[in-house]
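Take a look at the letters that make up each chain.
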Protein chains: 2
Amino acid sequence: MALPVETFFLKPDAQGTLQAQIQQMIAEGILSGRFKPGEKLPSTRKLAQHLGVSRITVTLSYTELLSNDYLTSQGRSGYYVSETAPTPPNFRAPDPVQETVDWSRAIGQRFTGGDTPHKPQDWSRFKYPFIYGQADPSLFDHTNWRHCAVQALGQRDFSSLTMDYYDHDDPQLIEFILRHTLPRRGISATPDQILITLGAQNALWLTAQVLLTQRRTAALEDPCYHALRDILAQSRCHVSPVPVDRDGLPPGLIPEDTDVIFTTPSHQCPTTATMPMERRRQLLDRAREVNALIVEDDYEFEMSFLRPPSPALKSLDRDGRVIYVGSFSKSLFPGLRLGYLVGSEPFIREARALRASVLRHPPGHIQRTAAYFLSLGHYDALIRRMSQALHNRRTVIETAIAKHELSVAGLGAFGGSSIWMRAPDGVNTADLARRLAEQSVLIEPGAPFFAGPDRPTQFYRLAYSSIPDARIPEGIARIAQTLAAW
Amino acid sequence: MALPVETFFLKPDAQGTLQAQIQQMIAEGILSGRFKPGEKLPSTRKLAQHLGVSRITVTLSYTELLSNDYLTSQGRSGYYVSETAPTPPNFRAPDPVQETVDWSRAIGQRFTGGDTPHKPQDWSRFKYPFIYGQADPSLFDHTNWRHCAVQALGQRDFSSLTMDYYDHDDPQLIEFILRHTLPRRGISATPDQILITLGAQNALWLTAQVLLTQRRTAALEDPCYHALRDILAQSRCHVSPVPVDRDGLPPGLIPEDTDVIFTTPSHQCPTTATMPMERRRQLLDRAREVNALIVEDDYEFEMSFLRPPSPALKSLDRDGRVIYVGSFSKSLFPGLRLGYLVGSEPFIREARALRASVLRHPPGHIQRTAAYFLSLGHYDALIRRMSQALHNRRTVIETAIAKHELSVAGLGAFGGSSIWMRAPDGVNTADLARRLAEQSVLIEPGAPFFAGPDRPTQFYRLAYSSIPDARIPEGIARIAQTLAAW
């Protein structure tokens, strides 16, 4: 039987090349059982005409399907669905399920209901997205990333792509971080003291699991990165929130019974404060005094475009007390999911065993791609371009904020990609965010960063990492207008 | 100052193209502070001559370094290290650290010392690798994977590459699995009932964390996948090992107090038994009777080249009791780290929240690449080619085993990629494996698959997924000789 050409349609919302779409349409028809073995396909000429594409495109699709044994060709008589083509299942989809399981009982541990607020996935449809932590297509070095990824897909790198590394990491990436990335933060480490993680989030999670239990206490900056509180909730440890000041975490306020101190000295999250050298030393002294470990989340150190970054806390650590969290996801793009932990061997050994159990290892291909991107110098070049662009945006946003007399709560003396703001008394910034969203302006309300129960509601964060310079003034103007009309 | 051409050397073990190596050499020289701003580089002609490469290669490297601001060019006078090139750090690496932390106290939870045995990373250097779960370069469809990965790196897919999905997945991959992969297992599900994971390992881990606590009991197949026992150890639940027979897990032996049953009905791991339909129904009845959930690890169902696969247990599930674990890492390559969970909404919701806290989401690029590879039909075509090749190897290995009269303990009626073997009484297969490794033969000792303390030591696994047909007879011969001389 010949398949009528009229039954062939390209989906209007399909992605990929035309050739790929045609291939997909036919493969799906066969797999779903609509096209049966032995059935004859329309000629390339007919199908091309029907779909309004060139004949060569159809021919290429057919040829690819031939080589994959979806189709056979019988000389001049045309193309047929292969007798040995992949087949649809020989059983039917079942009747609808009647849920009888009592899930409120069956679930042993709950993880929903955490502190981390919902963020809009469609942020790029907003005209004034003062959103934090998404990649800006105009800044990212897509071309070179692509080159490196293609290189890492080559035959030479076959094993790094496909191999089960068990609990190991890509040796090329490890070597680069040890020899080039860490020395720039003043840190020296050996391969046994580093572990690649699935982003900084994963690094923080692994650390909390290894170091904390329900009998231990963590000191946290207040405000802090909200997902960190979710992570600590899972470890069921006691939590002591320590209010930060304009220099970040004040060492003197860290309680005696603290086991682990979580801190963001480069750019305090979210207030953007940078911890001065003197306080870094005091913090190390205080940790020694109470016999606590320190987890240093060194996010955004590269974005120090106003002054050179301070050496990492880890570089001042003389007794192996500091665990360092680094990330490439922040500076490259968050979808990369690549970060690392640096710490003493006994700690890294446990974190590695836990990682192996949870997920084995980060995919080899992304590790190798990052290794190439770093070692070819693209990373440093990108950071420089991004710093320049953020520097410009920073000037624009500061000017706009000053013009409209909005209140700055934290500015980040070294740079960064966001400003911490305070709304006038009586304004709940969750409401503000909702009203602004209706005007295509995205801001981040501040309350979720604070420890409960009485969270300040007048703070908000304005990030300038994903909004073009030209849109900043109007975005700020809309915020000012909305606040003026409150 | 001009940099003498003699100080330029390509590393003998360097990887990547010559152009990339030259770029890397110069970028590293600048970043390490060896090459200073303003210093003049050798001319392209001189450097090409010195390195023994073509001049155009050097010119292309210089041009790339120009665009990244490592170099500047001053017309005819040549190339210089840019005055604004990325700089080395302005502080020194610190003195060696004197560890003073008592790590035996500081570590709150230990994860080392688990059941999973050490596997050789250099397995491909063995001539007769009867090793399980690594990719065979001769079977994998590298070309089309590369095409799909390159497509997923395109501008069109920029957001899927770079975006922070928060707790979401790639909608294209989800759609394909729901519409094409699951129906072939007889399963129908909605987007709220599926979660992409970092491989099957991650799926099992998330499931154990959500469903089990120290007050709950898991029933496990004995023997079973060793990493699963590590995962359950982390949840601190009670564990009931249930001895499997030639039809897999016997439902009648599952204890009354069981909360969660872990099973591998398609190919029991490691005995390769396939559970008959009748027993699948009995297993569901037993689960209902004791009010337990079932976690079905459906690994290798695609490798049913001897008979069509049975429908998944999940497809027979009428009350939402079965949680299904699928994986692409097994059939594509383990370094991919991509799997999925299918289950009732309340369960998937908790697993999603936990995943977000642990790692956010699997990298977008690998999700999109897999979506293309699947939807273009490459996956099914690959599975067919692999099945054909495994079928051939299976014939070769069965013939060799019969010829040498080795003892088969489990054969896998539907296919699979391994055979479960029994050595003569008195042979400890851990010793056997060591002796064989000296003869370039890799086998997997069986003891780690069993629950302790008295583990049988005479079993071993022979996988044929990574060894070429032609080498199988000699590999089996060496095993037979070694056993004969025991």
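Residues numbered from 1 in each chain as written. Chains lettered and ligands numbered in written order. Predicted model: local features only at pLDDT ≥ 70, side-chain atom pairs only at ≥ 80, totals over all residues. Heavy atoms only, no water.

Looking at an unreviewed UniProt entry, one finds chain A named PLP-dependent aminotransferase family protein, with Aliishimia ponticola as its source organism. Regarding chain A, the relevant UniProt record gives this comment under Sequence similarities (unreviewed entry): "In the C-terminal section; belongs to the class-I pyridoxal-phosphate-dependent aminotransferase family." (UniProt positions renumbered as here; feature names shortened; annotations may be inferred.)

**Comments concerning the environment of B:Leu195**
Residue and element names in this part refer to chain B. Here Leu195 lies in strand β4 (residues 194–197). Overall, Leu195 belongs to the buried group, its relative accessible area being 0%. Residues Leu195 and Val342 lie 147 residues apart in sequence; the distance between their C-alpha atoms is 6.7 Å. Once residues within four sequence positions are removed from consideration, Leu195 is found in contact with Asp169, Leu206, Gly339, Tyr340, Leu341, Ile348, Ala351, Arg352 and Arg355. (Helix = DSSP H or I, 4+ residues; strand = E, 2+ residues; numbered from the N terminus. Buried < 20%, exposed > 50% of the residue type's maximum accessible area, 1.4 Å probe, protein only. Contact = heavy atoms within 4.5 Å.)

**Re the nonpolar core**
Formed by 94 residues in total, the largest nonpolar core has its most connected members in A:Leu211, A:Phe262, A:Leu341, B:Leu211, B:Phe262 and B:Leu341. Beyond its immediate sequence surroundings of up to four residues, A:Leu211 is in contact with A:Arg216, A:Val260, A:Leu293, A:Val295, A:Ile323, A:Phe347, B:Trp103, B:Ala106 and B:Gly108. (Core = buried A, V, L, I, M, F, W, Y, C linked by side-chain atoms within 4.5 Å.)

**Observations concerning the sheet that holds strand β7 (residues 260–263) of chain B**
All names here are of chain B. The mixed open sheet is built from 7 strands, whose spatial order is β4-β10-β9-β8-β7-β5-β6. Across the chains shown, the open sheet's two edge strands, defined by having one partner strand only, are β4 and β6 (238–243). Direction aside, the axes of adjacent strands within the sheet are offset by 20° on average. Judged from the 6 bridges that link them, strand β5 (residues 217–222) and β6 form a sheet pairing that is parallel. When the bridges of β6 are listed, Ala219 appears paired with Ser240. Its contacts with the sheet place helix α10 (residues 277–290) against β7, β8 (293–297) and β9 (322–327), and it is angled at close to 145° to β8. (Pairing = 2+ DSSP bridges. Axes fitted to C-alpha atoms, helices over the stretch in contact; angles between N-to-C directions.)

**Observations regarding the sheet that holds strand β11 (residues 407–410) of chain B**
All names here are of chain B. An order of β11-β12-β15-β14 is seen for the 4 strands of this open sheet, with the pairing classed as antiparallel. The strands lining the two open edges of the sheet, one partner per strand, are β11 and β14 (444–445). As paired strands, strand β12 (residues 418–422) and strand β15 (residues 459–463) are joined by 5 bridges and run antiparallel to one another. Across the sheet, Trp420 pairs through a bridge with Arg461, a residue of β15. Across the face of the sheet, helix α14 (residues 378–403) comes into contact with β11, β12 and β15 while running at roughly 15° to β12.

**Overview of the pairing of β7(B)**
Residue and element names in this part refer to chain B. In β7, alternate side chains face the same way, and those of Val260 and Phe262 on one face and Ile261 and Thr263 on the other are all buried. Where β5 meets β7, 3 bridges bridge the pair, whose relative direction is parallel. Each bridged residue has a counterpart across the sheet, and for Ala218 the counterpart in β7 is Val260. Crossover connection from β7 via α10 to parallel β8: handedness right-handed. (Right-handed = clockwise from strand over helix to strand, strands pointing away.)

**Quick look at the environment of B:Ser466**
Residues and elements named next belong to chain B. In this structure, Ser466 sits in the loop between β15 and α16 (472–484). C-alpha of Ser466 to C-alpha of Arg385: the two residues are 81 residues apart in sequence and 14 Å apart in space. The residues touching Ser466, leaving out its near neighbours within four places in the chain, are Trp123, Pro129, Ile131, Gln134, Ala135, Asp136 and Arg393. Within the structure, the side chain of Ser466 is placed 2.9 Å from the backbone oxygen of Gln134, a separation counted as a polar contact. (Polar contact = N/O pair within 3.5 Å; in protein donor to acceptor, adjacent residues only side chain to side chain.)

**Things to note about the relation of the copies chain B and chain A**
Superposing chain B onto chain A takes a rotation of 180° plus a shift of 0.1 Å along the axis, which leaves an RMSD of 0.1 Å. Between the two chains, the operation in question is that of a two-fold axis. Residue B:Val150, judged by its C-alpha, is the member of chain B lying nearest the rotation axis, at 3.3 Å. The residues that chain B uses at the interface reappear at the interface of chain A in 100% of cases, marking a shared surface. (Least-squares fit on C-alpha atoms with pLDDT ≥ 70 in both.)

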